[in-house]
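Here is how the chains run, residue by residue.
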Amino acid sequence: MTHVLRSRAEPPKVKLVTQVWGPIQSLMAARRNILEIIPMAATRQPIVSGRTGNVNWHMVMQPKALGRILNENLDTYPKSDVTKNILKPAIGESLFIAEGAHWRWQRRAVSPVFTHRNIANLAPIMSAAADAACVRFSTSTGAVDVYEEMVAATFDVISNVTFSGTDAMDSASVHHAINRYIDQTARVSLFDIIGIPTWVPRISRLFQTSAMKRMKQVADTAIKTRKRLGAKPIPDLLDLLLEGEDPETKRQMNLAELRDNLLTFIVAGHETTALTLSWAVYLCAFDEEVQDKLRAEAQSALQGRVATAKDCDALPYTEQVIKEALRLYPPAAFISRTAQADDVLCGCKIKRKDTVMLPIYALHRHHDLWQNPDQFDPERFADGYRPERYSYLPFGDGPRICIGPQFAMIEAKIILASLISRFKFQRIAERDPKPVMVLTLRPQGGVPLKVTRA
Ligand code: HEM
């Protein structure tokens with residue numbers, strides 16, 4: 001907290017809870033917007049504990065305790081049953097949800113895929129997606145749903161770095177399958193949080209079977225075809241994953257493991273980046289001064305071109321805006337773990353089986369950690385400012401930290417700078433997005449903005 005922030009209006013935020021709620025009220029609120037179960041106190045206290053149904057839960061916002069959960073005492077806090085129940089039907093025992101040895105070897109095998117060099121090689125695909133988005137914006141008039149456009153742009157990227165060139169992927173139907181799955185499954189997650197046993201069948205699970213089957217078939221065909229045809233001249237994520245092996249055991253992934261991890265990249269990487277971009281563009285419309293400054297940087301760096309990986313170092317303010325968007329609207333706004341042993345966090349007793357929640361949304365707006373936490377100010381991240389460790393967690397931290405931050409940041413920078421250099425975005429009265437958590441933090445009602453040429 002080094003610089004003095006100027007006072008300004010606040011962009012939309014979630015209405016946090018100020019009264020004590022019973023289980024039914026909490027359940028109803030959470031079905032509406034899971035972030036609404038976060039008490040206001042979570043933005044001022046280190047820990048807030050409670051009991052819902054027969055489950056004790058703790059929301060942890062103190063950086064030191066978060067370090068204990070995510071790093072020092074990782075084995076006590078594996079990903080929660082909630083997370084696993086929601087995601088397992090879609091992405092199997094892949095990197096995102098595996099634990100212990102099965103997670104470790106996959107992480108070792110997958111890490112080299114995401115080196116800076118490999119990502120930079122894939123950046124032309126990101127520039128092409130940015131270019132296509134610019135073409136779409138230039139032919140549309142009046143209000144444009146920027147969220148829909150950003151979902152399309154990041155889907156172009158993720159589908160072209162996974163299954164492209166095999167003709168096996170019908171992108172529209174896979175896209176539909178992912179959305180249907182997330183929509184129908186995530187809404188019931190509170191049933192898991194309050195501890196209804198995992199064997200109770202949930203109606204939503206029945207909906208997604210055919211969509212998931214279709215997605216897996218498409219992925220399997222793409223992998224088999226690529227194995228037959230060999231790698232592309234510039235290896236994409238599928239090629240790199242096919243080559244990957246655990247350096248310690250030399251183990252390589254079988255077909256199911258390859259497929260589950262590729263689908264993980266799609267589920268974990270596509271919508272999260274689209275949300276980051278959507279909120280960033282919305283915030284630029286919210287604060288036109290920021291937008292003008294961003295445009296000046298982008299125009300001077302790009303000179304009318306679409307951005308490439310080589311431009312990224314010349315776009316520091318673009319990076320600040322993206323980091324601030326990730327602070328105010330972290331796509332993974334709520335992470336949860338299930339304690340496997342008794343522990344103490346912030347002086348509070350944690351019992352085995354307690355649910356430990358990491359409300360990243362509240363952490364990023366905590367009054368002890370951020371000055372004017374609800375205000376939008378990219379200057380917070382000026383001059384490479386790095387917040388105190390564990391106080392800013394858009395990508396998590398510790399061994400289970402996201403594998404794709406560099407991928408996401410390069411993609412977001414290329415797309416945001418390209419768009420802002422060419423277009424002006426303005427808010428539309430009464431149509432500001434409302435942040436709603438459905439597995440990720442989404443803008444309810446999309447992000448309709450007036451788009452004109454800059
Ligand atoms: C702005 C975009 C992104 C955000 C905000 C984001 C956020 C996160 C977070 C918070 C976690 C940790 C979850 C936890 O600890 O419970 C995570 C894990 C993960 N993310 Fe991302 N992510 C993004 C982009 C990506 C991309 C582009 C990819 C891949 C192409 C990706 C793949 C993964 C994987 C595989 C994991 C699991 C890692 C492990 O457990 O070893 N993410 N992400």
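Our subject is the structure that appears above.
The structure reproduced in this document is the subject of the present report. This one's a predicted model, so the numbers in the text were calculated from it and none came from an experiment. Chains are numbered independently. Their residues run from 1 in the order of the written sequence. pLDDT decides what is reported in this predicted model: residues at 70 or higher carry local features, side-chain atom pairs at 80 or more are listed and counted, and totals for whole chains, interfaces and linings draw on all residues regardless.

### Things to note about the overall build of the protein
Within the protein, the regular secondary structure consists of 16 helices and 11 strands. Three classes are used. A residue is buried when 20 or more other C-beta atoms lie within 10 Å of its own, exposed when 12 or fewer do, and partly exposed in between, with C-beta atoms placed from the backbone. Within the protein, buried positions represent 46% of all 454 residues. The contact criterion used here is simple: two residues whose C-beta atoms, placed from the backbone, lie within 7 Å are in contact. Partitioning the contacts of the protein with sequence separation of at least 6, the portion at a separation of at least 24 is 75%. The helix and strand labels rest on DSSP assignments: H or I over at least four residues marks a helix, E over at least two residues marks a strand, and numbering proceeds from the N terminus.

### So, the site of the ligand
Around the ligand sit 23 residues, and of these Gly269, Thr272, Gly396, Cys402 and Gly404 come closest. Those elements that provide at least two residues to the shell around the ligand are helix H12 (255-286) and helix H16 (405-422). For each residue, a C-beta atom is positioned from the backbone; the residue is called near a molecule or strand if that atom sits within 6 Å of it.

### Overview of the nonpolar core
Put simply, a nonpolar core is buried Ala, Val, Leu, Ile, Met, Phe, Trp, Tyr and Cys residues tied into one set by C-beta atoms within 7 Å. Membership of the largest hydrophobic core comes to 121 residues, with the highest contact counts inside it found for Ala280, Val281, Cys284 and Ile415. Sequence-distant contacts of Cys284, that is, excluding residues within four places in its chain, are made with Val290, Gln291, Leu294, Val321, Ile420 and Phe425.

### Quick word on the sheet that holds strand E11 (residues 448-453)
Spatially, the three strands line up as an open sheet ordered E3-E11-E8, and their pairing is antiparallel. Every interior strand has two partners, whereas the edge strands, strand E3 (143-145) and strand E8 (423-427), have only one. Ignoring which end each strand starts from, the neighbouring axes of this sheet average 45° apart. At least two DSSP bridges between two strands are required for those strands to pair. Here five bridges tie E8 to E11, and the two strands are oriented antiparallel to one another. Here the axes come from fitting lines to C-alpha atoms, over the contacting stretch only for helices, and the angles between their N-to-C directions go from 0 to 180 degrees.

### Focus on the packing of H12 against helix H14 (residues 316-328)
Viewed as axis vectors pointing N to C, H12 and H14 meet at an angle of 105°, and their least axial separation amounts to 9 Å. On the basis of their axis angle, the class for H12 and H14 is roughly perpendicular. Across from Thr276, Trp279, Ala280, Leu283 and Cys284 in H12, the residues of H14 making contact are Val321, Ile322, Ala325 and Leu326. Classification convention: Asp, Glu, Lys, Arg as charged; Ala, Val, Leu, Ile, Met, Phe, Trp, Tyr, Cys, Pro as nonpolar; all other residues, Gly among them, as polar. Of the residues contributing to the contact of H12 with H14, the split by class is eight nonpolar, one polar and no charged. Just so you know how the angles are binned, under 35 degrees is roughly parallel, over 145 roughly antiparallel, 65 to 115 roughly perpendicular, and the rest oblique.

### Brief notes about the environment of Ala9
Among the structural elements, Ala9 can be located in the segment before helix H1 (23-32). Sequence separation between Ala9 and Asp287 is 278 residues; the distance between their C-alpha atoms is 9.1 Å.

### Describing the sheet that holds strand E1 (residues 47-52)
With respect to topology, four strands assemble into an open sheet ordered E1-E2-E7-E4, the strand pairing being mixed. The open sheet has two edge strands with one neighbour each: E1 and strand E4 (335-338). With direction set aside, neighbouring strand axes in the sheet form an average angle of 25°. Looking at chain direction, E1 and strand E2 (residues 55-60) are connected through six bridges and run antiparallel. Residue Ser49 lies in a different strand from E2, and its bridge partner there is His58.

Interpretation note: all reported values are geometric properties and have no functional meaning in isolation.
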